[in-house]
Amino acid sequence: KAGVTQTPRYLIKTRGQQVTLSCSPISGHRSVSWYQQTPGQGLQFLFEYFSETQRNKGNFPGRFSGRQFSNSRSEMNVSTLELGDSALYLCASAWGGPANTGELFFGEGSRLTVL
Amino acid sequence: SQQGEEDPQALSIQEGENATMNCSYKTSINNLQWYRQNSGRGLVHLILIRSNEREKHSGRLRVTLDTSKKSSSLLITASRAADTASYFCAMSTSGTYKYIFGTGTRLKVLA
């Protein structure tokens, strides 16, 4: 079974630009979550999508948005990039049932550098 | 901060020794999981323990959970150089997939 695929793996942007990251979950998984990882703040939850609906949301500004398509693939977008948005963005897929059984399967991440 | 706290922040041991890392959190949890991360790559799930469980084993891993103390520990027995990684606890506080991660423990196993 193929794992979680994130693209692109690395990207460099400048302040003020926007970026779109993509995540293809494991086949059959309907839940996709996004996390931001930085040395200072650690792993922070951004949002979770299930069956094309945002089911949970973290404490990030509106510049961070996401969506999920009917095939469960998800994208996240960051607009008006700031230097502090430089981070490793991790996508995690899960089958989406009760969280007691819900281990997360992570992709390798997209490393964003904002100059 | 909503993060769980882990200690130690870093741990260096010899191959064959046991490694213990601890996780503390602030709110009630639904379940707690442990993950491993190698060099800034994706996280790999190790073990899940539910709030009504006190101890679980998986291979060389032993996890305990004390909900009265709001803490968990991960024990890796007979460590190997390949266990060198960062280890994170993750808590689901409301039975959802919104997980709060700990600050992580960097483990280095010396051959």
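In this text, all values refer to a predicted model and were calculated from it rather than measured experimentally.

A.B. asks: Looking at this structure, I do not really get the overall build of chain A. What am I missing?
C.D. replies: Tallying secondary structure elements over chain A gives zero helices and eleven strands in all. Reading chain A from its N terminus to its C terminus gives the helix and strand order β-β-β-β-β-β-β-β-β-β-β. Compactness check: chain A gives a C-alpha radius of gyration of 13 Å against a globular reference of 13 Å for 115 residues, within 12% of the reference. Referenced to the eigenvectors of the C-alpha coordinate spread, the extents of chain A come out at roughly 40 × 25 × 25 Å. Going through the 115 residues of chain A one by one, you find that 51% of them count as buried. Sequence separation of at least 24 residues holds for 53% of the intrachain contacts in chain A that already meet a minimum separation of 6.

A.B. asks: Just checking my understanding: could you explain the interface of chain B and chain A for this structure?
C.D. replies: Interface size is commonly expressed as the accessible area that is lost once the parts come together. Between chain B and chain A, the residue contacts involve 22 residues of the former and 32 residues of the latter. Here chain B and chain A share an interface that buries about 2000 Å² over both sides, 50% of which is from carbon and sulfur atoms. As a salt-bridge pair, B:Arg41 and A:Glu108 come within 2.8 Å of each other at their nearest N and O atoms. Looking at the side of chain B that touches chain A residue by residue, the classes come out as seven nonpolar, twelve polar and three charged.

A.B. asks: I'm lost on the environment of B:Ala111 in this one. Help?
C.D. replies: Residues and elements named next belong to chain B. Summarising the element assignment, Ala111 is placed in the segment after β11 (105-110). On the basis of relative accessible area, Ala111 is assigned to the exposed category, the value being 83%. Here the alpha-carbon distance between Ala111 and Ser79, two residues 32 residues apart in the chain, equals 9.7 Å.

A.B. asks: How do you make sense of the pattern of salt bridges when you look at a structure like this?
C.D. replies: Pairing between side chains of opposite charge can happen when the charged atoms of each approach one another. All names here are of chain A. Tallying each qualifying case throughout the model produces nine salt bridges over all chains. Across the salt bridge formed by Glu82 and Arg63, the nearest N and O atoms sit 3.6 Å from each other. Of this pair, Glu82 sits in the loop between β8 (74-78) and β9 (87-94) while Arg63 sits in the loop between β6 (53-57) and β7 (64-68); the two residues are 19 residues apart in sequence, bridging distant segments of the chain. Note on Glu82: relative accessible area 42%, which makes it partly exposed. Residues participating in the shared-partner salt-bridge network are Arg63, Glu82 and Asp85.

A.B. asks: Help me understand the pairing of strand β3 (residues 19-24) of chain B, please; the structure alone is not making it clear to me.
C.D. replies: Consecutive side chains of a regular strand alternate in pointing toward one face of the sheet and then the other. All names here are of chain B. Side chains Ala19, Met21 and Cys23 project from β3 onto a buried face, and the interleaved Thr20, Asn22 and Ser24 project onto a face without burial. Bridge count for strand β1 (residues 5-7) against β3 is three bridges, and the pairing is antiparallel. By the bridge assignment, Glu5 is partnered in β3 with Ser24. Sheet topology note: the β3/strand β8 (residues 71-76) ladder contains six bridges and is antiparallel. Pairing of Asn22 across the sheet is with Ser73, part of β8.

A.B. asks: Hey, could you run me through the state of the cysteines in this one?
C.D. replies: Two cysteines form a disulfide when their sulfur atoms are joined by a covalent bond. The final tally for this structure, using the stated rule, is two disulfides over all chains. Covalently, A:Cys23 is tied to A:Cys91 through a disulfide, its sulfur atoms 1.8 Å apart. For the disulfide bridge between A:Cys23 and A:Cys91, the dihedral angle about the S-S bond is near -55°, and by the sign convention the bridge is left-handed. Placement of A:Cys23 in strand β3 (residues 19-24) and of A:Cys91 in strand β9 is noted, with a sequence separation of 68 residues between them. Both residues of the pair, A:Cys23 and A:Cys91, belong to the buried class. Between B:Cys23 and B:Cys89 runs a disulfide, and the two sulfur atoms are separated by 2.1 Å. Where B:Cys23 bonds to B:Cys89 through sulfur, the torsion about that S-S bond is close to 75°, and the disulfide is right-handed. Here B:Cys23, found in strand β3, pairs with B:Cys89, found in strand β9 (residues 85-92); they are 66 residues apart in sequence, far enough to count as distant. Residue classification places B:Cys23 among the buried residues on the basis of a relative accessible area of 1%.

Cut-offs and rules
- Residues numbered from 1 in each chain as written.
- Chains lettered and ligands numbered in written order.
- Predicted model: local features only at pLDDT ≥ 70, side-chain atom pairs only at ≥ 80, totals over all residues.
- Heavy atoms only, no water.
- Helix = DSSP H or I, 4+ residues; strand = E, 2+ residues; numbered from the N terminus.
- Rg over C-alpha atoms; globule rule 2.2 N^0.38 Å.
- Buried < 20%, exposed > 50% of the residue type's maximum accessible area, 1.4 Å probe, protein only.
- Contact = heavy atoms within 4.5 Å.
- Buried area = accessible area lost by both parts, 1.4 Å probe.
- Salt bridge = Lys/Arg side-chain N within 4 Å of Asp/Glu carboxyl O.
- Nonpolar A, V, L, I, M, F, W, Y, C, P; charged D, E, K, R; others polar.
- Pairing = 2+ DSSP bridges.
- Disulfide = S-S within 2.5 Å.

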